[in-house]
Amino acid sequence: MMKDFFKNFFNFKFLQKSEENTSNQEVSVTMAEAETTVIVENIETVADGEVIAITDVKDPVFSQKMMGDGFAVEPENGKIYAPVSGTISSIFPTKHALGLLTENGLEVLVHIGLDTVSLEGKPFEVHVAEGQTVSAGDLLVTADLGAIKEAGRETSTVVVFTNAQAIKSVSVETFGKVAAKTVVAKVEL
């Protein structure tokens, strides 16, 4: 019914004056039926642990959503998994962060720990390579949480959706203690 309304509403005629001809010409303009497809990406938690709101992360770059919306996990162990299926688009030289790109175009940053770039990659063992295709739940990194804490850093692992212009909404649906590989959020593109 709505489709018919829009089709009828946008099928209209208007008068156009030609520069060469001062007579009025009737021009018929028809707009194609607009089909909007809603794409929803399910996002899994990246580790066993406590899922928290991104606004609760102890780093203003993340808590103020300067990089984008998302969530964080206070991990119980150092196994960090892919939150989505996609391609590894980047691995930071310091191994503390990875970028993923889904088939639908969602850009996801997984940032392990806060201010861990200064650790020069030492507490991180990366199990994937740039350009590699991964499935949600695949092991990305093993992090030595003890070494991160000994260096005086937070172990909060942040999942951020960085291409905000393509995102219609982000809904984190589960907070609290959650097992890794559990869907905790949905992103609508």
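The written sequence of each chain sets the order in which its residues are numbered from 1. At least 70 in pLDDT is required for a residue's local features to be given in this predicted model, at least 80 for side-chain atom pairs to be given and counted, and no such filter applies to totals for whole chains, interfaces and linings, which use all residues. Think of the side-chain values as coming from all heavy atoms in the structure, minus any hydrogens and water.

Under an unreviewed UniProt entry, the protein chain has the name Glucose-specific enzyme and belongs to Streptococcus intermedius B196.

Helix and strand definitions here come from DSSP, where helices need a minimum of 4 consecutive H or I residues and strands a minimum of 2 consecutive E residues; each element is numbered from the N-terminal end. Each helix and strand counted, the protein chain has three helices and 16 strands in total. Buried means the residue's accessible area, taken with a 1.4 Å probe over protein chains only, is under 20% of the maximum for its type, while exposed means over 50%, and partly exposed covers the values in between. Evaluated residue by residue, the protein chain yields a buried proportion of 39% over its 189 residues. Intrachain contacts of the protein chain at a sequence separation of at least 6 include 65% that bridge at least 24 residues. For the protein chain, the accessible area works out to roughly 10600 Å², and carbon and sulfur atoms hold 51% of it. Two residues qualify as a contact provided that any one of their heavy atoms is within 4.5 Å of a heavy atom in the partner residue. For accessible areas, the Shrake-Rupley method is used with a probe of radius 1.4 Å. Any residue's cover is judged against the shown protein chains and nothing else.

It is worth spelling out a nonpolar patch on the surface at this point. Think of a patch as exposed residues, more than 30% relative accessible area, with no salt bridge, where like charges cluster within 9 Å and nonpolar side chains (Val, Leu, Ile, Met, Phe, Trp, Tyr) cluster within 5 Å. In the sections that follow, a salt bridge refers to a side-chain nitrogen of Lys or Arg positioned within 4 Å of a carboxyl oxygen of Asp or Glu. Judged by side-chain polarity, Val61, Met66 and Met67 come together as a nonpolar surface patch covering roughly 260 Å² of accessible area. In this structure, Met67 sits in the loop between helix 2 (60–63) and strand 5 (69–75). Overall, Met67 belongs to the partly exposed group, its relative accessible area being 37%.

Attention shifts here to the confidence of the model for the protein chain. Looking at the protein chain as a whole, the pLDDT averages 86, with 81% of positions reaching at least 70. Known as pLDDT, the predictor's per-residue confidence is scaled from 0 to 100. For the stretch residues 1–34, pLDDT sits under 50, and the model shows 29 contacts to residues farther than four places along the chain or on other chains.

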